[in-house]
Amino acid sequence: MIEQQHLPVLLEESVHALIVDPNGIYVDGTFGRGGHSRAILARLGDAGRLIGIDRDPEAVAAGDALSRTDRRFSMLSGRFGSISELLSRIQVRGDLCGLLLDLGVSSPQLDTAERGFSFSSEGPLDLRMDPTRGESAAQWLARASEAEIAQVLRDFGEERFARRIARNIVAERGDSPLTTTTQLAALVARSVSTREPGKHPATRTFQALRIRINDELDEIRDCLRQSCDLLAHTGRLVVISFHSLEDRIVKRFMRAEALGPVLPKGLPVTAEESRGRLHVLGKPVRASAAEVASNPRARSAIMRVAERLP
Ligand SMILES: C[S@@+](CC[C@H](N)C(=O)[O-])C[C@H]1O[C@@H](n2cnc3c(N)ncnc32)[C@H](O)[C@@H]1O
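Each value, and the rule that gives it
- Residues numbered from 1 in each chain as written.
- Predicted model: local features only at pLDDT ≥ 70, side-chain atom pairs only at ≥ 80, totals over all residues.
- Heavy atoms only, no water.
- Near = heavy atom within 4 Å.
- Polar contact = N/O pair within 3.5 Å; in protein donor to acceptor, adjacent residues only side chain to side chain.
- Nonpolar A, V, L, I, M, F, W, Y, C, P; charged D, E, K, R; others polar.
- Axes fitted to C-alpha atoms, helices over the stretch in contact; angles between N-to-C directions.
- Helix = DSSP H or I, 4+ residues; strand = E, 2+ residues; numbered from the N terminus.
- Parallel < 35°, antiparallel > 145°, perpendicular 65-115°, else oblique.
- Left-handed = near helix turned anticlockwise from the far one by under 90°.
- Contact = heavy atoms within 4.5 Å.
- Domains from an automatic or database assignment.
- Buried area = accessible area lost by both parts, 1.4 Å probe.
- Salt bridge = Lys/Arg side-chain N within 4 Å of Asp/Glu carboxyl O.
- Buried < 20%, exposed > 50% of the residue type's maximum accessible area, 1.4 Å probe, protein only.
- Pairing = 2+ DSSP bridges.
- Patch = residues over 30% accessible without salt bridge, like charges linked within 9 Å, V, L, I, M, F, W, Y side chains within 5 Å.
- Areas by Shrake-Rupley, 256 points an atom, 1.4 Å probe, with all protein chains shown as cover.
- Lys, Arg positive; Asp, Glu negative; His and termini not counted.
- Charge placed at Lys NZ, Arg CZ, Asp CG, Glu CD.
- Disulfide = S-S within 2.5 Å.

**Student:** Can you break down the site of the ligand residue by residue, with the values?
**Tutor:** The ligand sits among 25 residues. The nearest are Arg-33, His-36, Asp-54, Asp-102 and Glu-219. Here an oxygen atom of the ligand and a backbone polar atom of Gly-35 are 3.1 Å apart. For the ligand, an oxygen atom lies 2.9 Å from a polar atom in the side chain of Gln-109. Across the shell around the ligand, the residue classes tally to 6 nonpolar, 11 polar and 8 charged.

**Student:** Describe in detail the packing of helix α11 (residues 216-230) against helix α12 (residues 244-259), supporting the description with residues and values.
**Tutor:** A pair of packed helices is captured by two measures, namely the crossing angle of their axes and the spacing between those axes. α12 packs onto α11 with a crossing angle of 20° between their chain directions and a minimal axis gap of 10 Å. With respect to their mutual orientation, α11 and α12 come out roughly parallel. Regarding α11 and α12, the two cross each other, and that crossing is right-handed. Residues Glu-216, Leu-217, Ile-220, Arg-221, Leu-224, Arg-225, Ser-227 and Cys-228 of α11 form the contact with α12, whose own contacting residues are Leu-245, Glu-246, Ile-249, Val-250, Phe-253 and Glu-257. Looking at the contact of α11 with α12, its residues break down into 8 nonpolar, 1 polar and 5 charged.

**Student:** Tell me about the domain arrangement of the protein chain, residues and numbers included.
**Tutor:** Splitting the protein chain by domain gives domain 1 (11-108 + 216-308) and domain 2 (118-214). Each of domain 1 and domain 2 was reduced to a C-alpha centroid, and the two centroids are 30 Å apart. Between domain 1 and domain 2, the residue contacts involve 13 residues of the former and 11 residues of the latter. Roughly 1000 Å² of surface becomes buried between domain 1 and domain 2 when both sides are summed, with 55% attributable to carbon and sulfur atoms. Among the residues of domain 1 in contact with domain 2, Arg-55, Glu-216 and Leu-245 are the three that bury the most area, contributing 53% of the side total. At the boundary of domain 1 and domain 2, one finds 2 salt bridges. Here Arg-210 ties to Glu-216 by a salt bridge, and the two come within 2.8 Å at their closest N and O atoms. In this structure, the connection of domain 1 to domain 2 is made through 4 residue pairs in polar contact (both at pLDDT 80 or more). Secondary-structure elements contributing two or more residues to the side of domain 1 that touches domain 2 are α11 and α12. At 4 residues, the largest contribution of residues to the side of domain 1 that touches domain 2 is made by α12.

**Student:** How would you explain the side chain of Asn-295 if you had to name every residue and give the values?
**Tutor:** Here Asn-295 shows up in the loop between α14 (289-294) and β8 (302-308). On the basis of relative accessible area, Asn-295 is assigned to the buried category, the value being 8%. Here Leu-7 takes part through its backbone oxygen, which lies 3.3 Å from a polar atom of the side chain of Asn-295. Excluding anything up to four places from it in sequence, Asn-295 contacts Leu-7, Pro-8 and Val-9.

**Student:** Please give an account of the pairing of strand β5 (residues 231-241) that cites residues and values.
**Tutor:** For a regular strand, the rule is simple: side chains alternate between the two faces of the sheet. By the criterion of burial, β5 is predominantly enclosed, with 9 of the 11 residues buried. Both strand β4 (residues 96-102) and β5 contribute to a ladder of 6 bridges, which runs parallel. Bridge assignment links Gly-98 to a residue of β5, and that residue is Arg-236.

**Student:** Would you mind going over a positive patch on the surface in detail, with residue names and values included?
**Tutor:** The grouping of Arg-154, Arg-160, Arg-163, Arg-164 and Arg-167 at the surface amounts to a positive patch. Among the elements that make up the positive patch, the one with the highest residue count is helix α8 (residues 162-175) (3 residues). With a relative accessible area of 33%, Arg-164 lands in the partly exposed category.

**Student:** I'd like a rundown of the state of the cysteines, residues and numbers included.
**Tutor:** All told, the structure shown has 0 disulfides when counted by the stated rule. In this structure Cys-97 is not part of a disulfide, and its nearest cysteine sulfur, from Cys-228, lies 15 Å away. In this model Cys-228 remains outside any disulfide bridge; the closest cysteine sulfur is found in Cys-223, 11 Å from its own.

Printed below as a string of structure tokens:
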């Protein structure tokens, strides 16, 4: 079998921003095929430690294989939204020198038709990162109300034709269930009246369904909320986002944590109690023209970095 690869995005920039101590403990919360993890391990010393997390069983298998060849690496199967609980299983309760999140889906997920992430190749309408749990997109579309479908397409896909697409989904499923990616892609193409240049008409619908099915935005919020308690003083939080909904959550979180708690005026608090827990480092970083030319996925990537304050 040919091993499926994923070209890591902003590799140099993210690993450089992440590593503050070559002998510290780090977490790669989105292991994928381990592109970032391997680059981190290449820079860690003998006493350094890296923990990979992924919810996709195929990514976990790739991580397990790496853990057999490098004793500094361990792989955990699960959602990064439960990061504290996952880490506590291996007795890691804090003191992380860095946490990396490279959000979204991996190339093997997109390129394997049976996973149902791609509207351009025929496959079951699944879209789960962990196909062993929860509801597939086909199951959700079979039971959701027209209003719920429209809301998901609007909120998570910023789709102008959300209502029309939802109406057509509900009409079509009355005749026969929607079970394949190409069936849905064709329905969306029939439903939208204007095309965005260079974009398949179903792009927004598939993004919206993927976010809904995998609860992606709450996962990010949950993980970020736990990150400050897990990071050691000067530890780094490095997040690479691929669309504005993800990036907005990261940006707002880092800003809020940099400002500190909002306290009523005149409250007797110490300077320490009113101080933020993070310091935002530099400006958001985008991929260079050369990287975008060799990896089109990098086009929409945006990386934000923050440091844990004492
Ligand atoms: C863009 S890929 C990461 C690629 C990786 N950096 C590499 O170089 O191979 C994102 C990965 O994160 C995983 N993922 C996304 N959301 C997750 C979550 N909430 N919990 C755990 N893993 C998640 C996906 O299954 C996918 O494998």
